[in-house]
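Listed here are the chains, written in short residue letters.
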Amino acid sequence: MDLYLGIDFGTSGARGMVIDEEACCIQAQVRYPFQDSPNAVTPNFWQEALFVLVEQIPHQLRRQIKAIAINGTSSTVLLVDAAGNPTDAPLLYNDARGSLVLEHLRSIAPPNHTVLSATSSLAKLLWMRQQPSFSEARYFLHQADWLAFLLHGQLGISDYHNALKLGYDVEELKYPEWLENLQIPIQLPKVLSPGTPIAELRPEIADKFGFRRDCLVCAGTTDSIAAFLASGAKLPGEAVTSLGSTLVVKLLSRTRQEDARYGIYSHRLGDLWLTGGASNTGGAVLKQFFTNAELESLSREIDASIASELDYYPLLKAGDRFPINDPNLPPRLSPRPDNPVEFLHGLLESIARIEARGYELLQQMGADKLSRVYTAGGGAANETWTAIRARHLQVPVVASVYTEAAYGTALLAMGGRIKGEQE
Ligand code: ADP
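In this text, all values refer to a predicted model and were calculated from it rather than measured experimentally.

**Q** Is there a simple way to think about the domain arrangement of the protein chain in this case?
**A** Looking at the assigned domains, one finds that the protein chain contains domain 1 (3-224 + 406-422) and domain 2 (233-400). Relative placement of domain 1 and domain 2: their C-alpha centres are 29 Å apart. Class assignment for the residues of the side of domain 1 that touches domain 2 results in five nonpolar, five polar and two charged.

The structure is reproduced here in structure tokens:
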């Protein structure tokens, strides 16, 4: 049987999943938690994590793996020399040192472009250019690109999900002129469609770990796109809401939406677009008031068919971008009823209103009409909340089929997901 391996490098750990071609069933699952290790930010540590993950996969399965893909955290980037050795520490997804070059970037990139953020890959590259070690570097890579390089040995290759925040034009499938004109003396990655086979495993890697010599390594993706691929959403109008610490919505659409004012941008997914935005509201605010056990027990006492009149905007601190763009938007959490069931009802209802407003905004901007919402994250298991959300969204709300990014990346290695949309 042919098997496919997806490897996820997330924020809190790495994970691998082996699936089969027939039913996309999970044949093996392996993990490598980072446990707040300060080393978790070094490429050496990533390499160790990658190889330890692979070694946990049973030998007889390894021999059947036909293709591998890797996802990394979006905008985690590094510079490497001609041999692929890192020339300096990587900059992680949330590193905001790029704010020092934002002013300069604004004078180069088109207004409201996705790269105009302190944490974008391009802002990081421009910051890196000012560092002394830059002269030793030959290639600029994303985390997923470098990890895949360790397996296939080719430098300077990326995918159009990772490359979006570098400024790559995913509509025209080329670097835009304004970016070429920067003449950064470094090799920007050649950008492939996620899931495209790049090369066979390096023979020494195949032999060391007992893989087939003809096992292919494919272009990867980012962790959040991988989670979307795992969800089960496939058709235009289908969406995934992530109800974790924050609220993130992603809607599959035939049209592309971009508006940096609302933090709205679209990833390409075959011939479709994955359009979405992220709000600062979400589970982190619930956590401020309730334990997970309380969230479960109190939710059971809420009548989801009745709308709470409490109209909150739950935030940990002032400011939101999507669906309301106001850096000073104050948290609204009053009046607070004495009864915790009523208070929680108001919070869940209000977050559901913000979610619905988010999808409404995407549709107003031209995205396909919402038809079904898959849900991932800590809030997905809350049936009361699901019922409240379905009342607002007016479409079926279901749990994601799989929530693990590694599963989505294994589908990518299998080649079915994105190619299917192009057919
Ligand atoms: P993260 O975005 O940090 O990965 P998770 O997806 O793990 O978050 O979800 C954690 C969040 O889910 C917490 O903020 C918590 O308040 C929320 N949560 C946990 N259980 C429930 C529940 N039963 N109902 C609603 N929210 C919940």
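Resuming the write-up.
**Q** What am I meant to see in the site of the ligand here?
**A** In the region of the ligand, 16 residues are neighbours, and Gly 244, Gly 283, Gly 377, Gly 378 and Asn 382 sit closest. Those elements giving two or more residues to the shell around the ligand turn out to be α9 (283-289) and α10 (292-300). The residue makeup of the shell around the ligand, split by class, is five nonpolar, nine polar and two charged.

**Q** Please explain the nonpolar core as it appears in this structure.
**A** For soluble globular proteins, nonpolar side chains are generally found buried alongside one another. Core analysis: the largest hydrophobic core is formed by 122 residues, its most contacted members being Ile 68, Cys 218, Ala 410 and Ala 413. Looking at this core, the element that brings in the most residues is helix α11 (residues 340-364), giving nine residues. Taken domain by domain, the makeup of this core includes at least three residues from each of domain 1 (3-224 + 406-422) and domain 2 (233-400). Apart from residues lying up to four places away in sequence, Ala 410 is in contact with Tyr 4, Leu 5, Gly 6, Met 17, Val 18 and Ile 19.

**Q** I keep staring at the sheet that holds strand β15 (residues 272-279) and nothing clicks. Help me out?
**A** Each strand in a sheet pairs with its neighbour through backbone hydrogen bonds, running either in the same direction (parallel) or in the opposite one (antiparallel). With mixed pairing, six strands are arranged side by side in an open sheet as β14-β15-β13-β12-β16-β17. Of all the strands in the sheet, just β14 (265-269) and β17 (397-399) have a single pairing partner and so form its edges. Strand-to-strand, the axes of this sheet are offset by a mean angle of 25 degrees, without reference to chain direction. In this structure, strand β16 (residues 372-376) lies alongside β17, joined through three bridges in parallel fashion. Paired with Thr 375 across the two strands is Ala 399, which belongs to β17. Taken strand by strand, helix α12 (residues 383-393) contacts β16 and β17, and its axis lies near 140 degrees from that of β17.

**Q** Looking at this model, I keep getting lost on unusual backbone geometry. Mind explaining?
**A** Phi is mostly negative for residues that are not glycine, and the peptide bonds are mostly trans. Here the bond from Phe 322 into Pro 323 is cis, since omega is 0 degrees, no more than 30 degrees from zero. Tracing the chain through its elements places Pro 323 in the loop between α10 and α11. Of note, the bond from Ser 334 into Pro 335 is cis; its omega dihedral lies within 30 degrees of zero at 0 degrees. As for its placement among the helices and strands, Pro 335 is situated in the loop between α10 and α11. Look at Ser 75: it is not a glycine, yet its phi comes out positive at around 65 degrees. When you line up the elements, Ser 75 lands in the loop between β4 (65-72) and β5 (77-80). By C-beta crowding, Ser 75 is classed as buried, having 25 other C-beta atoms within 10 Å. With phi around 60 degrees, Asn 112 is a residue other than glycine that occupies positive phi space.

Rules used throughout
- Residues numbered from 1 in each chain as written.
- Predicted model: local features only at pLDDT ≥ 70, side-chain atom pairs only at ≥ 80, totals over all residues.
- Domains from an automatic or database assignment.
- Nonpolar A, V, L, I, M, F, W, Y, C, P; charged D, E, K, R; others polar.
- Near = placed C-beta within 6 Å.
- Helix = DSSP H or I, 4+ residues; strand = E, 2+ residues; numbered from the N terminus.
- Core = buried A, V, L, I, M, F, W, Y, C linked by C-beta atoms within 7 Å.
- Buried ≥ 20, exposed ≤ 12 C-beta atoms within 10 Å, placed from the backbone.
- Contact = placed C-beta atoms within 7 Å.
- Pairing = 2+ DSSP bridges.
- Axes fitted to C-alpha atoms, helices over the stretch in contact; angles between N-to-C directions.

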